[in-house]
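Observations on chain architecture
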Number of protein chains: 2
Amino acid sequence: MGKIKLDDTDHKILNMLIENTRTPFTDIAKKLLISAGTVHVRVKKMEEAGIITGSSLSLDYKKLGYMFIAYVGIYLKKTSQTQFVINRIGEIPNVTVASITTGKYNVFCKLRAKNTDHAKGIIFKIDDIEGVQRTETMISLEESINDKKRLMHSIFDEM
Amino acid sequence: MGKIKLDDTDHKILNMLIENTRTPFTDIAKKLLISAGTVHVRVKKMEEAGIITGSSLSLDYKKLGYMFIAYVGIYLKKTSQTQFVINRIGEIPNVTVASITTGKYNVFCKLRAKNTDHAKGIIFKIDDIEGVQRTETMISLEESINDKKRLMHSIFDEM
DNA sequence: GGTGAAAGCACCGAGTT
DNA sequence: AACTCGGTGCTTTCACC
């Protein structure tokens, strides 16, 4: 987990792997005019440095019957209960992200559900957590995801 | 892109691939007591059915110098401008997700930035989009991500 | 830090049950 | 549908630059 300085070749490797984790190292090597062994060594280094933390599948949740996305803003009774509430929320598998925030809400989270009824049940679970004063739900009608690739390009441009 | 009915074996394959996209099919085959060829055929079917849409790297953005996460709630002047605003937001690479929502805000998005100054610039860009009336920013002090695996388990349990 | 070759595996399609 | 098997190609290591 030591420090590491990424160069342009590393950026290019990351950009290719972000688009498709299973891109063969031989393909990357050909494109970057280096050997497959070098690609392998560089990827391994980035894994060891903790920059690459893993890889995961992109799934179509709608096809799995999960049509519903909602954001829930949470007001707490006391901010000292934040960690407790975050832990309880973490136990609900349908909550995909939870953040401690400053601003309007104390805690903010996102959930996935099959339908409105299912979502209602999950939101009620959040409401029932000790320390939660009130929640505000925003239903996502449509989500557009700005792909990782563009973010990465901008990160590397600014480095 | 035809219909497909996933069975328990498919769920187990997905659960293993979600943890690590590069898990060799031979390993999956051993664990599930089926042949590697079968794993291959099933994964291919799920790809063709559009359930698996791709794969991507998990990165430590903090190590890349992006320490800052914020959520921005947007009020529009008229909802008829929603798509226009979503498109403009999509052009900002630092915005990682944007949603059209019902509830408190018309549009809701999440952004990644290097620091507060950098974030300020991005938020000002959003404020400047034609049709945006006002924004409310929530700074994420700490983000806990409920891993995909747990969500998937719950999806499969409920099927 | 990079290379290139070689050994070890994985992938994937064809043919079979 | 799932299996086996073989050709092809990918990964990974290592001696050398």
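What you see is a predicted model; the values in this text were computed from it and never measured. (Residues numbered from 1 in each chain as written. Chains lettered and ligands numbered in written order. Predicted model: local features only at pLDDT ≥ 70, side-chain atom pairs only at ≥ 80, totals over all residues. Heavy atoms only, no water.)

1. What to know about the domain arrangement of chain A
Which entries qualify depends on this criterion: For each domain, the first and last residues come from an automatic or database assignment.
One can read the domain layout of chain A as domain 1 (8-57) and domain 2 (68-140). Distance between the C-alpha centres of domain 1 of chain A and domain 2 of chain A: 37 Å.

2. Notes on the interface of chain A and chain B
Our working rule: In this description, contact between two residues means that some pair of their heavy atoms is separated by no more than 4.5 Å. The term polar contact refers here to a pair of N or O atoms within 3.5 Å; inside protein, the definition further demands a hydrogen-donor-capable atom paired with an acceptor-capable atom, and it admits residues adjacent in sequence only when both atoms are side-chain atoms. Under the DSSP-based scheme used, a helix requires at least four consecutive residues in state H or I and a strand at least two consecutive residues in state E, with every element numbered from the N terminus. When residues are sorted by character, Ala, Val, Leu, Ile, Met, Phe, Trp, Tyr, Cys and Pro go into the nonpolar class, Asp, Glu, Lys and Arg into the charged class, and all the rest, Gly among them, into the polar class. Pairing between strands is defined by DSSP: at least two bridges between the two strands are required.
Tallying the contact residues gives 72 residues for chain A and 72 residues for chain B. The tally of links from chain A across to chain B stands at 46 residue pairs in polar contact (both at pLDDT 80 or more). Sorting the residues of the side of chain A that touches chain B by element identifies α1 (8-19), β1 (52-59), α4 (82-90), β3 (95-102), β4 (107-113), β5 (132-145) and α6 (148-157) of chain A as the ones contributing at least two each. Looking at the side of chain A that touches chain B element by element, the count peaks at ten residues for β5(A). Of the residues that constitute the side of chain A that touches chain B, the class distribution is 34 nonpolar, 23 polar and 15 charged. As paired elements, β5(A) and strand β3 (residues 95-102) of chain B share six bridges and run antiparallel to each other. The partner of S144(A) across the bridge, within β3(B), is A98(B).

3. Structural notes on the protein's contact with DNA strand D
To keep things clear, this is the line we draw: One heavy atom within 4 Å of a molecule or strand makes the whole residue count as near it.
Neighbouring DNA strand D are 13 residues, the closest being F25(A), S35(B), T38(B), R42(B) and K45(B). Within 4 Å of the protein, atoms of DNA strand D come from sugar and phosphate in 88% of cases. For the surface near DNA strand D, the elements supplying multiple residues, two or more each, are α2 (25-32) and α3 (36-48) of chain A together with α3 (36-48) of chain B. A per-element tally of the surface near DNA strand D places α3(A) first, with four residues. Class assignment for the residues of the surface near DNA strand D results in four nonpolar, five polar and four charged.

4. Considerations on the state of the cysteines
Here is the rule: Disulfide: a pair of cysteine sulfur atoms within 2.5 Å of each other.
Taken as a whole, this structure holds zero disulfides over all chains when the rule is applied. Among the cysteines around C109(A), which has no disulfide bond, C109(B) carries the closest sulfur, lying 17 Å off.

5. With respect to the side chain of H11(A)
With respect to the helices, strands and loops of the structure, H11(A) is situated in helix α1. Look past the residues within four positions of H11(A) in its chain and what remains in contact with it is L6(A), F156(A) and M159(A).

6. As for the relation of the copies chain A and chain B
We apply this condition: Superposing the copies works by least squares over the C-alpha atoms of residues that have pLDDT at least 70 in both of them.
Laying chain A over chain B is done by rotating through 180° and shifting 0.0 Å along the axis; what remains is an RMSD of 0.2 Å. One copy is carried onto the other by what is essentially a two-fold rotation axis. The rotation axis passes nearest to the C-alpha of S56(A) in chain A, at a distance of 2.8 Å. Here 100% of the contact residues of chain A are again contact residues in chain B; the copies associate through an equivalent surface.

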